[in-house]
2 protein chains.
Amino acid sequence: MKRQMMDLFSPFSGKHRLLALPVVFLLTTAGTAQSPDPVKLDLAHRLVKEELTKGMCFSDLEELCRLGSRLTGSDQAQKAVAWGEAKMKAYGFDRVWLQPVTVPKWTRGKPEKANLIQKGRKPVPLTVCALGLSPGTPAKGLEAGVIEVQSLKEADSLGGRLQGKIVFFNRPFDESLISTFACYGGAADQRSAGPSIAGKHGAVAVLVRSMTNRTDDIPHTGMVNYQKNLPEIPAAALSTRSADLLSSQLKTNPDTRVRLTLDCRNEAPVTSWNVIGEIRGTEFPDEIILTGGHLDSWDLGTGAHDDGAGCVQSIEVLRVLKSVGYKPRRTLRAVLFMSEEVGGIGGKEYGRIAEQSGENHIAAIESDRGGFTPRGHSIQLPDSTVKKYQDWVPYFSFFDADKLVRGGGGVDISPLEKTGTHLMGYTPDSQRYFDHHHAATDVIGAVNPRELKLGAAAMAVMVMLIDQEGRK
Amino acid sequence: MKRQMMDLFSPFSGKHRLLALPVVFLLTTAGTAQSPDPVKLDLAHRLVKEELTKGMCFSDLEELCRLGSRLTGSDQAQKAVAWGEAKMKAYGFDRVWLQPVTVPKWTRGKPEKANLIQKGRKPVPLTVCALGLSPGTPAKGLEAGVIEVQSLKEADSLGGRLQGKIVFFNRPFDESLISTFACYGGAADQRSAGPSIAGKHGAVAVLVRSMTNRTDDIPHTGMVNYQKNLPEIPAAALSTRSADLLSSQLKTNPDTRVRLTLDCRNEAPVTSWNVIGEIRGTEFPDEIILTGGHLDSWDLGTGAHDDGAGCVQSIEVLRVLKSVGYKPRRTLRAVLFMSEEVGGIGGKEYGRIAEQSGENHIAAIESDRGGFTPRGHSIQLPDSTVKKYQDWVPYFSFFDADKLVRGGGGVDISPLEKTGTHLMGYTPDSQRYFDHHHAATDVIGAVNPRELKLGAAAMAVMVMLIDQEGRK
């Protein structure tokens, strides 16, 4: 116990708050749910306080967002790579490097246009955006009748009736679900898989209801997963209000048509990079604890929540631990993954190299659910292991970040699962996430500085506990 | 048990989900932390689902905010009274009535002006707003040198040196605190009590740093508590950026002056109303469970979070319970209090009449901390009683609203304490509250519909549990 105190706080041993704690409390054992270790609890408090008063992640996010959107393969994404590298060097991490990855390059081109067309009436504009990897339409646009469907199955069952049509996937979020990620999970197949099913049956284009809980005029983009050997047809998202309008018009006038013009296109792949920085462990340097987010974003906003937040928080975990004088026993590594939005490419490459080189990532925490107020962490492990991690609840309760529950880690870190890494996802409150996800409103103004900082603090506390006690 | 099931669900007995639950679960006792009563747990799930899918509180809040700001004594506040009365009648509550209260009338007048004045330089505009109840300045404004202080004590200690000066209270929020209400609580004395202390020593006006966690250009108003028999001097809030600017200029140039023009004034008191609606209890109609918020707001925004949210949630609790066919055993009452922002007048009058008439309010839940994502409820009772309420945690955990902790109820319901009422405050996440509190940004666009609805659901579950089990 004493040794650990010395190790933890060598630069601070004379002045931290522990000394004021009652002795009886020091004698209780560490790491049980009943009685948190006072040294670590004190450090958790100090990390939160340091972050709230001197945290850098919000100003870092302001800088990152000023670079513009970071669509994978774009010039701005490359600038963001340089920014991330310089930032981690400036914070004095022991080692900072780039890991090359080959990424697709897709460009949106000129602003999209869509109009609702009915005989004898003026065209009515619909708010629309091209979906990622979609090809463009002919320069003058395409026009066709519209078939509304609620599911992939319904579209597939219509078969040849889709020929020459625009297929309109309009199943909304199930608002009865508490987690908006569950809402998203129940609807996103329309966007990812709808275009290939429609293309298979000869449709000329696809429109998808935007993936959001909001009823508004903001379209939300996202990647289409075009299947090999099927026609790749143009695909776009309608804002939920435009989707509601189109749907209501189709009910009264099934001959309603849509005219759609998309200028997007796929270009040749380019080389980009994962950005990696680490602080070497003093006792077990070969045991790596990773924090990560993805550096690429969609191009409509500036990716403040998705996933600029996760990037700056991942860096911040190392910075704040360093700034309070913490000396990690294990190696702490922050990774800014490239091209999560388009193919999860950076994560796959990182995982491949980690496996190949036999690196031992004991745990990885991804932050890719926005920079909102903390709830806790999801843990991608069996219930019996999750229960063990719940011994740590008391270290998170004082700042309301103590939901340690079973759940996924994240796209970027998932390739590490096969090496036995304990995968975790930082879990902020989800209610506002899909207001901004993949949309023009995902900008710095949608991020609250204290919410972002509390998230970084939650991750820092988790990293500190794993570093101190090892994984469960 | 069976009787209770029948009572609870008479309109639904054949079709609710309980029937699918394993029998063994039904045999466990109700009301223990270990095993929540399945009937009530099922009802809690249904209330949350009903609210998320068919909740009315967000559209109600849109309506309310469209009336404009609701400064106590203003025409819009009177319109809001009529709105609240009509709304509760439209929802079919058993009884809806108005309770007269005499409220102050203060008007802001023309937009405020403040300029930083330095010799040989052009005046620099400061963003400023008059504080509630402040008198105006002379029509042409007043100009004086500025003394910056960090506390009431410091101001008081300067005594005669404040003569003829503008006193500038500039102590910022303590950002190290987790709850932003704690930040506010540590700074708000400057606004409420600063002007009288400055006036006592002959100061000509007061400027106060806005009560917010943000660094921005938005001034936040709020009431001044002028002490009797002391001069009432003009008082205004500076935005935090203007406060920082003024402070930095005073450091390099102590002769910096400020010119301030306020057009506000106090008018004669007017009659307004608390708006009250109730659904009568079927078994214990004399036992009242109250939900409440305050209908008046400040005049800069439209009081969406403060406290339109609390009003629509308080109504919604009764509406949603009614809409799922719930028949309360006790009387459920929603109260929209008038003039909380200026003197807490409606709450005091409601409490006076409740005491006078011997009404038995067994519990009261106030929502006045914004329409943000739920954390739980604060309970204004000793720890031993709070612990008993924590038996109910399982009814709130599934939607992350399960923090049942010791803490204040709310200004409006506090006069009920002397009648033995159990006072509670609905507690949403606090991080964003002071971005909007008393400011022009407190508008409907700052409210997320799902967050607001989940809050109403949390209150509805609490009311249902108290109604079913009685208070703890």
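What counts, and where the lines are drawn
- Residues numbered from 1 in each chain as written.
- Chains lettered and ligands numbered in written order.
- Predicted model: local features only at pLDDT ≥ 70, side-chain atom pairs only at ≥ 80, totals over all residues.
- Heavy atoms only, no water.
- Least-squares fit on C-alpha atoms with pLDDT ≥ 70 in both.
- Contact = heavy atoms within 4.5 Å.
- Helix = DSSP H or I, 4+ residues; strand = E, 2+ residues; numbered from the N terminus.
- Buried < 20%, exposed > 50% of the residue type's maximum accessible area, 1.4 Å probe, protein only.
- Phe/Tyr/Trp six-rings, centres within 6.5 Å; stacked < 30°, edge-to-face > 60°.
- Lys NZ or Arg CZ within 6 Å of the ring centre and 35° of its normal.
- Pairing = 2+ DSSP bridges.
- Axes fitted to C-alpha atoms, helices over the stretch in contact; angles between N-to-C directions.
- Domains from an automatic or database assignment.
- Buried area = accessible area lost by both parts, 1.4 Å probe.
- Salt bridge = Lys/Arg side-chain N within 4 Å of Asp/Glu carboxyl O.
- Polar contact = N/O pair within 3.5 Å; in protein donor to acceptor, adjacent residues only side chain to side chain.
- Nonpolar A, V, L, I, M, F, W, Y, C, P; charged D, E, K, R; others polar.
- Parallel < 35°, antiparallel > 145°, perpendicular 65-115°, else oblique.
- Left-handed = near helix turned anticlockwise from the far one by under 90°.
- Right-handed = clockwise from strand over helix to strand, strands pointing away.

S.K.: Is there a simple way to think about the relation of the copies chain B and chain A in this case?
M.R.: For the pair of chain copies, the relating transformation is a rotation about an axis with a translation along it. It takes a turn of 180 degrees to lay chain B on chain A, together with a shift of 0.0 Å along the axis; the resulting RMSD is 0.0 Å. Here the transformation between the copies is reduced to the relation of a two-fold axis. Most of the interface of chain B is mirrored in chain A: 100% of its interface residues are interface residues there too.

S.K.: What exactly am I supposed to notice about the environment of Ile276 of chain A here?
M.R.: All names here are of chain A. Assignment of secondary structure puts Ile276 in strand β10 (residues 265-279). Looking at Ile276, the relative accessible area reads 0%, which means it is buried. With 59 residues separating them in the primary sequence, Ile276 and Val335 have C-alpha atoms 4.6 Å apart. If we skip the residues at most four places from it in the chain, Ile276 touches Met88, Arg95, Val96, Trp97, Gln99, Arg333, Ala334, Val335 and Tyr350.

S.K.: Where do I start with the packing of aromatic side chains in this structure?
M.R.: A ring pair, where both rings are aromatic, is described by two values, the distance of the centres and the angle of the planes. Residues and elements named next belong to chain B. In this structure the tally under the stated criterion is 24 aromatic pairs over all chains. Measuring from centroid to centroid gives 5.3 Å for Tyr389 and Trp392, while their planes differ by 75 degrees, and the two rings are edge-to-face. Comparing Tyr389 with Trp392 shows no difference in burial state: the two are buried. An angle of 90 degrees between the planes, with centres 5.0 Å apart, marks the rings of Tyr433 and Phe434 as edge-to-face. Since its relative accessible area comes to 3%, Tyr433 is described here as buried. Across the ring face of Trp97, the terminal group of Arg95 is positioned such that the distance to the ring centre comes to 3.7 Å.

S.K.: Whenever I open this one, the sheet that holds strand β4 (residues 128-130) of chain B confuses me. Can you help?
M.R.: All names here are of chain B. In spatial order, the strands read β3-β2-β9-β5-β6-β7-β8-β4; together these eight strands make up an open sheet with mixed pairing. Strands with a single pairing partner mark the edges of an open sheet, and in this sheet they are β3 (124-125) and β4. Both strand β2 (residues 113-117) and β3 contribute to a ladder of two bridges, which runs antiparallel. Of the residues in β3, the one forming a bridge with Asn115 is Pro125. Sheet strands touched by helix α8 (residues 189-200): β6 (166-169), β7 (205-209) and β8 (235-238). Its angle to β7, the strand with the most contacts, is close to 155 degrees.

S.K.: So what exactly am I meant to see when it comes to the sheet that holds strand β14 (residues 374-379) of chain B here?
M.R.: Pairing between sheet strands relies on hydrogen bonds along the backbone, with the strands arranged either parallel or antiparallel. Residues and elements named next belong to chain B. Here we have eight strands laid out as an open sheet, ordered β1-β10-β12-β11-β13-β16-β14-β15, and mixed in their pairing. In this open sheet, the two strands that pair with only one neighbour each are β1 (95-107) and β15 (403-406). Across the sheet, the axes of successive neighbouring strands diverge by a mean angle of 20 degrees, strand direction being ignored. Both strand β11 (residues 284-294) and strand β13 (residues 360-366) contribute to a ladder of six bridges, which runs parallel. Of the residues in β13, the one forming a bridge with Ile288 is His361. Along the sheet face, helix α5 (residues 75-90) touches β1, β10 (265-279) and β12 (330-337) and points at about 5 degrees away from the line of β10. In the packing of helix α10 (residues 304-323) onto the sheet, the strands contacted are β10, β11, β12 and β16 (422-428), and the crossing angle to β11 comes to about 150 degrees.

S.K.: So what exactly am I meant to see when it comes to the domain arrangement of chain A here?
M.R.: Often the size quoted for an interface is simply the accessible area lost on bringing the parts together. Residues and elements named next belong to chain A. In terms of domains, chain A is made up of domain 1 (2-105 + 269-469) and domain 2 (109-263). Each partner contributes residues to the interface: domain 1 has 17 residues there, and domain 2 has 20 residues. Between domain 1 and domain 2, the buried area comes to about 1400 Å², and carbon and sulfur atoms account for 67% of it. It is Trp298, Phe434 and Asp435 in domain 1 that bury the most area against domain 2; as a group they hold 39% of the surface buried on that side. Seen at the junction of domain 1 and domain 2, the total is one salt bridge. Residue Asp435 pairs with Arg214 through a salt bridge whose shortest N-O separation is 3.2 Å. Across the domain 1-domain 2 interface, the total number found is six residue pairs in polar contact (both at pLDDT 80 or more). Partitioned by chemical class, the residues of the side of domain 1 that touches domain 2 number seven nonpolar, seven polar and three charged.

S.K.: Got a minute to help me understand the packing of helix α4 (residues 57-66) of chain A against helix α10 (residues 304-323) of chain A in this structure?
M.R.: For any two helices packed against each other, the geometry is given by the interaxial angle and the distance between the axes. All names here are of chain A. Viewed as axis vectors pointing N to C, α4 and α10 meet at an angle of 130 degrees, and their least axial separation amounts to 9 Å. Of the possible angle classes, the one that applies to α4 and α10 is oblique. As α4 runs across α10, the sense of the crossing is right-handed. Here Cys57, Asp60, Leu61, Leu64 and Cys65 of α4 lie close against α10, whose contacting residues are Ala304, Gly308, Ala309, Val312 and Glu316.

S.K.: Sorry, what's going on with the pairing of strand β6 (residues 166-169) of chain A here?
M.R.: A regular strand carries its side chains on alternate faces of the sheet. Residue and element names in this part refer to chain A. Burial of β6 is two-sided: the residues Ile166 and Phe168 facing one way and the residues Val167 and Phe169 facing the other way are all buried. With four bridges joining them, strand β5 (residues 142-149) and β6 adopt parallel strand pairing. Each bridged residue has a counterpart across the sheet, and for Glu148 the counterpart in β6 is Phe168. With respect to chirality, the unit in which β5 leads through helix α6 (residues 152-158) into the neighbouring parallel β6 is right-handed.

S.K.: What is the right way to read unusual backbone geometry from this model?
M.R.: What you tend to see is this: most non-glycine residues have negative phi, and most peptide bonds are trans. Residue and element names in this part refer to chain A. Residue Asp306 is joined to Asp307 through a cis peptide bond whose omega torsion reads 0 degrees. With respect to the helices, strands and loops of the structure, Asp307 is situated in helix α10. For Asn229, which is not glycine, the phi torsion reads 70 degrees and is therefore positive.

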